[in-house]
Amino acid sequence: MKHVFANLFRVVALLLLLILLFRTEWLSFLLVPLTSNNAPAVYTQNSLPQLAASHLFLVAISIAGSAVLAILGGIFVTRKSGEDFLPLSRAIANAGQTFPPFAVLALAVPATGFGAGPTLIALFLYGLLPIFENTVSGLKQVSPSVLDAADGMGMNGRQRLFQVELPLALPLILEGLKVATVINIGTATIGSTVAAKGLGEVIIAGLISDNTAFILQGGLIVGLMAVLIYDAMGLVENAITQRIGLRPA
């Protein structure tokens, strides 16, 4: 029964997202009461599917960059040669999460100009912490007895890392990727303040024109994308961990 409800929720959420992206006019009767002075209830200034695609492109590029640096950093600070750098690395990752994204945009615009560049920098910094922390936690939770067994089998450091430690740490690393992705899907809306294409345009248009219908459209699309992508990544995580034997089928 639990799986039935979960699948039903996925179908309903996906259908609502598709309607909001491609047939928003079907929901105009719900949106009209949120407007005033005969303002339009449906956002038509730009293509919503194109804005959503641009939004997800920014998120994907930033998460890919964050994942590479955070996972490599997490591996480095859990080795004997890099463990002294753990406090510094953790402080840098935390700074990326605590530094206000608007401040990052303001500092990045003079260097990179308006558009996707400042947004990618802000999202890259925001994605570091959950991936880095989960990589470190996942690698540190590997049992010493397992590591001793790997050494006893004659594995060198690289073999032990790729054949033992990373597979066992994979569930936590994937969880960090899921959290970072959801954070960045929401945070990417601020990119529209520096002319980056994304769903923030819909929300900002609503704020400028005092049109709650636009704000609701943009917010619902972003929220549904975040929920569905998090759920999809969870399914992929389950499939991967089952395949490598870390979770029962």
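Everything here concerns the structure above.
Fair warning: this is a prediction, and the values are worked out from it, not measured in the lab. (Residues numbered from 1 in each chain as written. Predicted model: local features only at pLDDT ≥ 70, side-chain atom pairs only at ≥ 80, totals over all residues. Heavy atoms only, no water.)

Engineer: Please provide a residue-by-residue account of the overall build of the protein, values included.
Structural biologist: Across its full length, the protein carries 10 helices and zero strands. For the C-alpha atoms alone, the extent of the protein along its principal axes is close to 75 × 55 × 20 Å. A fraction of 76% describes how many contacts in the protein between residues 6 or more apart in sequence connect residues 24 or more apart. Summed over its atoms, the accessible surface of the protein is roughly 13,200 Å², and 69% of this surface lies on carbon and sulfur atoms. Separation of charge centres in the protein, based on 13 positive and 12 negative side chains, amounts to 6 Å. (Helix = DSSP H or I, 4+ residues; strand = E, 2+ residues; numbered from the N terminus. Contact = heavy atoms within 4.5 Å. Areas by Shrake-Rupley, 256 points an atom, 1.4 Å probe, with all protein chains shown as cover. Lys, Arg positive; Asp, Glu negative; His and termini not counted. Charge placed at Lys NZ, Arg CZ, Asp CG, Glu CD.)

Engineer: With reference to specific residues and values, describe a nonpolar patch on the surface.
Structural biologist: A cluster of nonpolar side chains, namely M1, V4, F5, L8 and V12, defines an oily patch on the protein surface of about 560 Å² accessible area. Take M1: it is sitting in the segment before α1 (2-22). (Patch = residues over 30% accessible without salt bridge, like charges linked within 9 Å, V, L, I, M, F, W, Y side chains within 5 Å. Salt bridge = Lys/Arg side-chain N within 4 Å of Asp/Glu carboxyl O.)

Engineer: Please provide a residue-by-residue account of the pattern of salt bridges, values included.
Structural biologist: The full count for this structure, using the stated rule, is eight salt bridges. Between E165 and R160 there is a salt bridge; the shortest N-O distance is 3.4 Å. The residue E237 makes a salt bridge to K178 at a minimum N-O spacing of 3.1 Å. Highlighted residues: E237 in helix α10 (residues 212-243) and K178 in helix α8 (residues 157-187), separated in sequence by 59 residues. Residue E237 shares its accessibility class with K178, and that shared class is buried. (Buried < 20%, exposed > 50% of the residue type's maximum accessible area, 1.4 Å probe, protein only.)

Engineer: Go over helix α4 (residues 86-98) with me, naming the residues and quoting the values.
Structural biologist: Between the first and last C-alpha of α4 there are 18 Å, a value that for 13 residues agrees with the 18 Å anticipated at 1.5 Å per step. Of the residues making up α4, those classed as buried are L86, A93 and G96. One side of α4 carries all its buried residues, which in axial view fall inside an arc of 95°. Opposite the buried face of α4, by more than 90 degrees, sit the exposed residues P87, L88 and T98. (Expected span 1.5 Å × (residues − 1). Arc of directions from axis to C-beta.)

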